[in-house]
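A closer look at the structure
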Amino acid sequence: MKQENGLEKLEREAFVAAYQDGILDFLVGLSLVGMSLCLIYDIPSFGAIMPVMAIILHPGLKKAVVTPRLGYVKYSAFREHRLQQNKWLMMIVGVWLFILGVGMSFAYSGYSAWQRWIRELGAIPIGLVLATAAAALGILYGVKRGSGYALLIVAAFLSGHLLDWHLSIQLMTIGLVLSLNGLVLFVRFVRRYPRLPEVKTSDH
Amino acid sequence: MTTKAQSNHEEAQALPELDRLIHEPARLTIVAHLFVISEADFIYLEQKTQLTRGNLSSHLRKLEDAGYTLVEKKFVERIPRTVVQLTETGRMAFVNYRKAMLGFLGR
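Starting afresh in each chain, residues are numbered from 1 along the sequence in its written order. Whichever chain is written first becomes A and whichever ligand is written first becomes 1, with later ones labelled in order. Given that the model is predicted, a residue must reach a pLDDT of at least 70 before its local features are reported, and side-chain atom pairs must reach 80 or more before they are shown or counted; all residues, however, enter totals for whole chains, interfaces and linings. In computing side-chain values, all of the structure's heavy atoms are included and hydrogens and water are not.

**Overview of the overall build of chain B**
Keep this limit in mind: Secondary structure counts use DSSP, requiring at least four H or I residues in a row for a helix and at least two E residues in a row for a strand, with both numbered from the N terminus. Residue burial is assigned from relative accessible area. The probe radius is 1.4 Å, only protein chains are included, and a residue is buried under 20% of its type maximum, exposed over 50%, and partly exposed in between. Residue burial considers only the protein chains on display, and all accessible areas are found by Shrake-Rupley using a 1.4 Å probe.
Secondary structure summary: chain B contains six helices and three strands in total. The helix and strand sequence of chain B, counted from the amino end, reads α-α-α-β-α-α-β-β-α. Split into buried and exposed, the 107 residues of chain B put 40% on the buried side. Roughly 6,200 Å² of accessible area belongs to chain B as shown, and the carbon and sulfur atoms make up 55% of that amount.

Here you go:
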């Protein structure tokens, strides 16, 4: 493995710092807990609102909490190019997830051999979809915990299938881990980057 | 002893002419951070270098006077920011400084 030099480390840290605030982990975790509660209380349609809330809240929280602490940074041309590529790759992953989702709904609409086989798998395809998204985010943005989350999701959904758990238990487990980890990361981030007083133009 | 002292003296003489403006630790930190990105605001540099605002301002002014950095006041997402970037001269100076240090320490 190529050893990273000091400048490469600085560049990577400058980039990764923006993804170490834990806000996304916390919001995704919270929406999974919310979805799980909706399943428990038999109001699944409300569960769909949870991820939408996370998507709405995320940019606002980033702007309110992260930017004033971390400051503004424009990455190197190389990194910006990689980010652009990542966006395309994430879109491909999104399309793939959408196709899987459509496939799943087809699987539940009939009783042919393959549809029965899919049904026997229970929630495993949902777990695979979530794990793929977590792993893709982790790899593309250099955030190591993404792969950890992917493993957790696979483990939770596999054990859920083998032990015949209700889907809400798996969602609750993953949601709690994600939100607690997000909270820890957030506290660490806030401590590491305290809010500095506003810079007046006459300051320098 | 004389031979060792002589050798030390020769090595000291072989020390390349370093860019004193960059060689200073605080400024080296600033330049290194700016070298790996395109541009950053004052808060980012304050957080990364852990320098006080006054210190950072003073070092940035020296770098700006030498033409190594460019300080601009601009609006980023409708928020006024003091944005700092390394100029081409600054980048070249850092590359040369790095080469000189690597050449000397790598011997």
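**A word on the confidence of the model for chain B**
Residues and elements named next belong to chain B. Going by this rule: pLDDT is defined as a per-residue confidence score from the predictor, taking values between 0 and 100.
Per-residue pLDDT for chain B has a mean of 87; in total, 84% of the residues score no lower than 70. The spread of mean pLDDT over the elements of chain B runs between helix 1 (residues 2–14), the lowest at 62, and helix 3 (residues 25–35), the highest at 95. ipTM for the predicted complex: 0.79, alongside a pTM of 0.77.

**Section: unusual backbone geometry**
Positive phi, close to 60°, is recorded for A:Asp42, a residue that is not glycine. By the secondary structure assignment, A:Asp42 is in the loop between helix 2 (23–40) and helix 3 (44–47). Phi at B:Gln50 takes a positive value of approximately 60°, unusual for a residue other than glycine. One can find B:Gln50 in the loop between helix 4 (42–49) and helix 5 (53–65).

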